[in-house]
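Breakdown of the fold
Okay, here's what each chain looks like letter by letter:
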Amino acid sequence: MIDVDRLSKVFRSRDGADVVALEDISLNICDNEFVTIVGPSGCGKSTLLRLASGLIRPTSGSVAIDGTMVEEPRQDTGIVFQMPVLLPWATILDNVLFPLKMMHREEADGAEKARHLLALVGLGGFESKYPHELSGGMQQRAAICRSLIHNPSILLMDEPFGALDALTREEMALEVLRMWTDEPKTILFVTHSITEAVLLADRVVVMSARPGRIAEIIDVDLPRPRTFEIEAHHEFQRSTRRIRELIFGNRSGGHVGG
């Protein structure tokens, strides 16, 4: 589904110096696979996601989806950012429908689909509310619905729970797992939580400090469906321990910067 081939990205800083964000990244993601990305702050996790989305162009290398080079945002790809970035003047229903409007795909059953998605994430009855009337977690649920309204085959999620409190974050992680189980998609998910990365993923891509490279890819051999009770499983503990070793060396810790 997604083929990342020797991808590198260099940014030019304000003082004219080159900053290497990513260097020689190669990664293949299969159809309907759930892949998470973790690594230290500034390692290029979000840059990799933006390259995969077509929002920015690589310095060298390529990203291809189904054999087609990604050179601009694609209609078969949904994106969820850390902040919901909902339109403050639009209702929640209109916010969810906004991508269809932008794509000139205002379908007759669009509102029905939007209501169905909102009901799936526990926002039934909030269609006529405005973003400021919802909590942060509820706004992020609406943002996820917005990313799914055009039924993309790929979902790119850039630390979507990073601004939420711990309890809401756990609830949202389980919600995404449930939705992915009910209707599988290819998901590439950036997070700064090691436990979240292992809970969600089929594979965890661990990145090194800048310039960002792939330090190791961890296969997560855990049964599905999953809840946070699976943290007691020996495979979960083995995976999280290995990721911490890769990121922190001899130090210990549970979260890393985004």
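Refer to the structure presented above.
Read on for a plain summary of the structure. Computed from a predicted model, the values in this text were never measured in an experiment. Numbers given for residues are sequential positions, taken from 1 along each chain in its written order. Two thresholds apply to this predicted model, a pLDDT of at least 70 for residue-level local features and 80 or more for giving and counting side-chain atom pairs, whereas whole-chain, interface and lining totals are computed over all residues. Heavy atoms from the whole structure form the basis of all side-chain values; hydrogens and water molecules are not counted.

1. Description of helix α3 (residues 110-120)
Just so we agree on the cut-off: Each residue's exposure class comes from its accessible area (1.4 Å probe, protein chains only) as a fraction of the maximum for that residue type: buried when under 20%, exposed when over 50%, partly exposed otherwise. Comment: elements are numbered from the N terminus, with helices defined as DSSP H or I runs of at least four residues and strands as E runs of at least two. The arc in question is the one spanned by the directions pointing from the helix axis to the C-beta atoms.
Along α3, the positions that sit buried rather than exposed are Gly110, Ala114, Leu117 and Leu118. The buried residues of α3 occupy one face: seen down the axis, they fall within an arc of 100°. Gly122 lies just past α3 and shows a positive phi near 80°.

2. With respect to the sheet that holds strand β10 (residues 214-219)
Short version of the rule: Strand pairing requires that DSSP identify at least two bridges connecting the strands. Axis definition: a line fitted to C-alpha atoms, over the contacting stretch in the case of helices. Angles run 0 to 180 degrees between N-to-C directions. When checking whether two residues touch, look at their non-hydrogen atoms; a contact exists if any pair is within 4.5 Å.
An order of β6-β7-β8-β3-β9-β10 is seen for the six strands of this open sheet, with the pairing classed as mixed. Of all strands in the sheet, those bounded by a partner on one side alone are β6 (77-80) and β10. Ignoring strand direction, the axes of neighbouring strands in this sheet form an average angle of 15°. Pairing between β6 and strand β7 (residues 154-158): four bridges, direction parallel. Following the sheet pairing, Ile79 is matched in β7 by Leu156. Running over the sheet, helix α1 (residues 45-53) touches β3 (34-38), β6, β7, β8 (186-190) and β9 (203-207) and is turned about 150° from β7. Where helix α7 (residues 234-248) meets the sheet, it contacts β3, β9 and β10, and its direction lies at approximately 180° from that of β10.

3. Comments concerning helix α4 (residues 136-148)
Think of an α-helix as turning once every 3.6 residues; residues three or four places apart then point the same way. Just so we agree on the cut-off: What a helix is expected to span follows from its residue count: subtract one and scale by 1.5 Å.
Along its 13 residues, α4 runs 19 Å from first to last C-alpha, staying within 8% of the 18 Å computed at 1.5 Å per residue. Burial runs high along α4: eleven of the 13 residues are buried. Residues of α4 that are buried: Gly137, Gln139, Gln140, Arg141, Ala142, Ala143, Ile144, Cys145, Arg146, Ser147 and Leu148.

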